[in-house]
Amino acid sequence: MRRHLISAADLSRDDALLILDTADELAKISERSIKKLPTLRGRTVVNLFFEDSTRTRISFEAAAKRLSADVINFSAKGSSVSKGESLKDTALTLEAMGADAVVIRHSASGAPHRLAGWVRGSVVNAGDGTHEHPTQALLDAFTMRRRLGSLEGRRVAIVGDVLHSRVARSNVLLLATLGAEVTLVAPPTLFPVSVGSWPCEFSYDLDAVLPKSDVVMMLRVQRERMNAAFFPTEREYSRRYGLDRDRVARMPDHALVMHPGPMNRGMEIAAEVADSPRSTIVEQVANGVTARMAVLYLLLGGAELGGEN
Amino acid sequence: MNDRTQNSAGGRGGFLIRGARLLGGEATDILVRDGVVAAIGRGLQAPGDAEVVEAAGLVALPGLVDLHTHLREPGREDAETVATGTRAAALGGYTAVHAMANTEPVADTAGVVEQVWRLGQEAGHCDVQPVGAVTVGLAGESLAELGAMADSAARVRVFSDDGKCVSDAVLMRRALEYVKAFDGVIAQHAQEPRLTVGAQMNEGAVSGRLGLTGWPAVAEEAVIARDCLLAAHVGSRLHVCHVSTAGSVEIIRWAKSKGWDVTAEVTPHHLLLTDDLVEDSPVGSYNPIYKVNPPLRTHADVQALREALADGTIDCVATDHAPHPVEDKETEWAAAAMGMIGLETALPVVQEAMVDTGLLDWAGVAERMSYAPARIGRLTGHGRPIEVGEPANITLYDPAVRAAVDPAGYASKSRNTPYEGRTLPGRVVATFLRGRPTVLDGKLA
Ligand SMILES: [Zn+2]
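Every residue gets a number counted from 1 within its own chain, in the order that chain's sequence is written. Going through the entries in the order they are written, you letter the chains from A and number the ligands from 1. With the structure being a predicted model, the display of local features is reserved for residues of pLDDT at least 70 and the display and counting of side-chain atom pairs for 80 or more, all residues being used for whole-chain, interface and lining totals. Excluded from the side-chain calculation are hydrogens and water; included are all heavy atoms of the structure.

Overview of the overall build of chain A
Okay, step 1: Elements are defined by DSSP. Helices are runs of H or I of four residues or more, strands are runs of E of two residues or more, and each kind is numbered from the N terminus. For chain A, the count of helices and strands is twelve helices and nine strands.
Okay, step 2: C-alpha atoms define the radius of gyration, and 2.2 Å times the number of residues to the power 0.38 defines the globule rule. On C-alpha atoms alone, chain A measures out to a radius of gyration of 19 Å, which is about the 19 Å that the 2.2 N^0.38 rule sets for 309 residues.
Okay, step 3: Along the first, second and third principal axes, the C-alpha set of chain A runs to 55 × 45 × 35 Å.
Okay, step 4: Burial classes follow relative accessibility: with a 1.4 Å probe on protein chains only, a residue under 20% of its type's maximum area counts as buried, one over 50% as exposed, and anything between as partly exposed. Burial status across chain A gives 58% buried among its 309 residues.

Here it is in structure tokens:
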């Protein structure tokens, strides 16, 4: 493993499988009576959040604490990107505090890359702008693997705002590494112009893709995209790209419905679909902690697993 | 004193440049006296009071002229001043630079352009020719007093809202028409603003992977096409700033084939650097040292730009020297300022991209870095051949050396160069401004 986890592309197939296998081990341990492991005792993990995301921050915090690391939450929200005053200064402060790992969420794509150049500890990307969110991809892969077994040859449809989605970018890279076949589905305005060069297929037609999908992952659509003319109306988007009961009926019986959250119920996903047994949405949240534990454990080289409890 | 000059007369009696290669290729001596070229020939005798500059192996170029320099004064003296910027220019072999109007306050009145012009005179390192803003405050809403700037002591002939595009078609038409009265030219920063909202880098494979908002080539090309048509319609001169795409080249080629009075420039960095450096470079990913407006494009664009500069579709090289203090670059990509410095590396970069590749000879470099920009800017005392009786604006350049770029020694106040640590060919050995050395032995005289 490299020192940092900034992009899903940083992970070789062996790295990715190691993380998923480690997460499996950790999940087994978590099912035992004592949830806390001493493996990262004495290590400091800083959650550096320039952008609000309570869900992701809590997930990383829980992961670090279950491994007995000291956690410092550093919310730098309000530091505006337009002035860009503080990322380097903040990095130097974290250095002085002896952070072993910095988990960074930032509205600017590439901020974790810059940070990695300024700190000695490991940098974990918890979402940067419209670039990547690699631990989300890991938890998604972990969730799929638990439900479906090996991802080799599995067909995954990722539906929605691919252009602005860090979740889609990371998932495409990681799933390709793990041997799954990904098809991105969106209106043409919500693809990057270069999507043809990505390691996946793409389609404008959700109904054509659904019957051959083992997993359908719905992406959150920001309502403000409508004002920028990415699509005409919410209603039209929902009709063409929303996942409702009729569309779910066209999916194979074993197929899963995923969503990274938070959802716009009724927009990209119908409430009854989100709450159906096919949906892994609640599981994804729990698996997020486990997958992040595995990442922190492996990056920080903690003591051996399973030895104590 | 330095190792290339003998005799301690300090040049008051003139200079004998011995053994420099003229553009035809042959080595000869050049005697400079009283600010002009007094004699050219082999075996010239130095008058007793003349300093001798040994120039064997050096190329003698006409003093370089930049159509596009940001000197930042007034307003951003923390990034550059007229004095520091013109020192950098002299070290780069320039004897004249056009100072862009996006200062604070904007150079949109006779008062500001005269101030900049006088600061250049006082600094004395090279001539500073101010560019006037096209619109008041670069706001793109109403025409600045173009005539007053033209009539001022600064004698402005180039007008540009550079940094911003004159995107309103009617305003652009009126500006093109209006400057005909004093033989002015509108230098357009072609960037359709609606197509580049939030744009961070060239729109393509790399921006898609990096999740940076794309800056499409068509945002530049659409404005160039429109402006060529407008310039043709009203019979005016249009100059296109920093052309960056293969499509822009095609449009300009087409406009020139129609006989329209359209000229264009390309920056050194667009002749050498590509957008994949944003993803992968010796200084890591997302390093804003590569963030520039217009953005670095693809290898195919670079190839098209080189060919267009070689065949004359693009008339000249202009640096777009854009100094920024370090804190404006040591940040995340989206927050960083756009631009890179370029005066001190322009000639080496052009050598690497154009001369060492066989696309241009030194006469071609003289045309594109001296004659053409002086002609477009209507500078009469610059961009002249090195001939007897001409003003002695001369750059002596050693194309044989190769060295790693070390900006620590740069005269520019800013250090935002993408070439740090990279090996580039060539070195400016001396620069003469009307017979007076501004640079000798690679150092400020
Ligand atoms: Zn510009």
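Re the sheet that holds strand β11 (residues 185–188) of chain B
Residues and elements named next belong to chain B.
Okay, step 1: Paired strands, in this sense, are two strands between which DSSP finds at least two bridges. Read from one edge to the other, the open sheet built from five strands follows the order β10-β11-β14-β15-β16, with strand pairing classed as parallel. Taken across any chain shown, the strands that pair with only one partner, and hence form the sheet edges, are β10 (158–159) and β16 (316–317).
Okay, step 2: Here three bridges tie β11 to strand β14 (residues 238–240), and the two strands are oriented parallel to one another. Across the sheet, residue A187 finds its bridge partner in β14, namely H239.

Observations regarding the UniProt feature "binding site: carbamoyl phosphate" (unreviewed entry) in chain A
Residue and element names in this part refer to chain A.
Okay, step 1: The UniProt feature table records "binding site: carbamoyl phosphate" (unreviewed entry) at R55, T56, R105, H133, Q136, G261 and P262.
Okay, step 2: Looking at the element boundaries, T56 is found in helix α2 (residues 54–66).
Okay, step 3: Contacts: residue pairs with any heavy atoms within 4.5 Å of one another. Residues in contact with T56, not counting those within four places in the same chain, are F49, R105, A126, H133 and R292.
Okay, step 4: Within the secondary structure layout, P262 lies in the loop between β9 (256–258) and α11 (271–274).
Okay, step 5: Among residues more than four places away in sequence, those in contact with P262 are R55, R220 and E268. UniProt positions are given in the numbering used here, feature names are shortened, and annotations may be inferred rather than shown by experiment.

Considerations on the domain arrangement of chain B
All names here are of chain B.
Okay, step 1: As used throughout, domain bounds are those supplied by an automatic or database domain assignment. Each assigned domain of chain B is listed here: domain 1 (5–60 + 389–444) and domain 2 (62–376).
Okay, step 2: Summarising the inter-unit geometry, the C-alpha centres of domain 1 and domain 2 are found 27 Å apart.
Okay, step 3: Both sides of the domain 1 and domain 2 interface together cover about 3,200 Å² of buried area, and 60% of this is carbon and sulfur.
Okay, step 4: Counting of polar contacts relies on pairs of N or O atoms within 3.5 Å, with two restrictions inside protein: one atom must be capable of donating a hydrogen and the other of accepting it, and residues adjacent in sequence are counted only when both atoms are side-chain atoms. Applying the counting criterion to the domain 1 and domain 2 interface returns 19 residue pairs in polar contact (both at pLDDT 80 or more). What gets called buried area is simply the loss in accessible area from a 1.4 Å probe that two parts show on being joined, summed for both.

Here's the deal with the sheet that holds strand β2 (residues 70–75) of chain A
All names here are of chain A.
Okay, step 1: Spatially, the four strands line up as an open sheet ordered β2-β1-β3-β4, and their pairing is parallel. Where the open sheet ends on each side, the last strands, each with one partner, are β2 and β4 (122–128). Neighbour to neighbour, the strand axes of the sheet diverge by 15 degrees on average, direction disregarded.
Okay, step 2: The sheet contact formed by strand β3 (residues 101–106) and β4 spans five bridges and is parallel. Among the inter-strand pairings, A101 is bridged to a residue of β4, identified as S122. Comment: axis = line fitted to C-alpha atoms, over the contacting stretch for helices; angle = value between 0 and 180 degrees taken between N-to-C directions.

Things to note about the environment of L444 of chain B
Residues and elements named next belong to chain B.
Okay, step 1: Positionally, L444 belongs in strand β20 (residues 443–444).
Okay, step 2: A relative accessible area of 36% places L444 in the partly exposed class.
Okay, step 3: If we ignore the near neighbours within four places in the chain, the residues touching L444 are R87, A90, L91, T438 and V439.

Some words on the interface of chain A and chain B
Okay, step 1: Tallying the contact residues gives 22 residues for chain A and 19 residues for chain B.
Okay, step 2: Here chain A packs against chain B, burying approximately 1,500 Å² in sum over the two surfaces, 51% of which is carbon and sulfur.
Okay, step 3: Counted as salt bridges are all cases of a side-chain nitrogen of Lys or Arg within 4 Å of a carboxyl oxygen of Asp or Glu. Counting the contacts that link chain A with chain B gives two salt bridges.
Okay, step 4: The shortest N-O distance in the salt bridge between K88 of chain A and E330 of chain B comes to 2.4 Å.
Okay, step 5: Our count for the chain A to chain B interface comes out at nine residue pairs in polar contact (both at pLDDT 80 or more).
Okay, step 6: The greatest single-element share of the side of chain A that touches chain B, amounting to three residues, is contributed by helix α4 (residues 111–116) of chain A.
Okay, step 7: A class-by-class count of the residues in the side of chain A that touches chain B yields eight nonpolar, ten polar and four charged. Residues are grouped as follows: Ala, Val, Leu, Ile, Met, Phe, Trp, Tyr, Cys and Pro are nonpolar; Asp, Glu, Lys and Arg are charged; every other residue, Gly included, is polar.

A look at the coordination of the zinc ion
Residues and elements named next belong to chain B.
Okay, step 1: Surrounding the zinc ion are the protein donor atoms D162 (OD), H189 (ND1) and H242 (NE2), which sit 1.9 to 2.3 Å from the metal.
Okay, step 2: Expressed as a motif, the donor residue spacing for the zinc ion is D-x26-H-x52-H. Of this pair, D162 sits in the loop between β10 and α4 (169–178) while H242 sits in the loop between β14 and α7 (246–257), and the two are 80 residues apart along the sequence.
Okay, step 3: Owing to a relative accessible area of 3%, D162 belongs among the buried residues under this scheme. Donor selection uses N, O and S atoms within 2.8 Å of the metal (3.2 Å for Na, K and Ca). Since no water is included, sites may look incomplete.

Some points on the side chain of H189 of chain B
Residue and element names in this part refer to chain B.
Okay, step 1: The residue H189 is located in the loop between β11 and β12 (201–202) in this model.
Okay, step 2: Residue class for H189 comes out buried when judged on its relative accessible area of 2%.
Okay, step 3: Within the local environment of H189, its side chain forms a polar contact with the side chain of N293, the two groups lying 3.2 Å apart.
Okay, step 4: Excluding anything up to four places from it in sequence, H189 contacts D162, G163, K164, C165, C241, H242 and N293.

Re helix α10 (residues 346–355) of chain B
Residues spaced three or four apart along an α-helix face the same direction, because each turn holds 3.6 residues.
Okay, step 1: For α10 of chain B, the buried fraction is high: ten of the ten residues fall into the buried class.
Okay, step 2: Taken together, the buried positions of α10 of chain B are occupied by A346, L347, P348, V349, V350, Q351, E352, A353, M354 and V355 of chain B.

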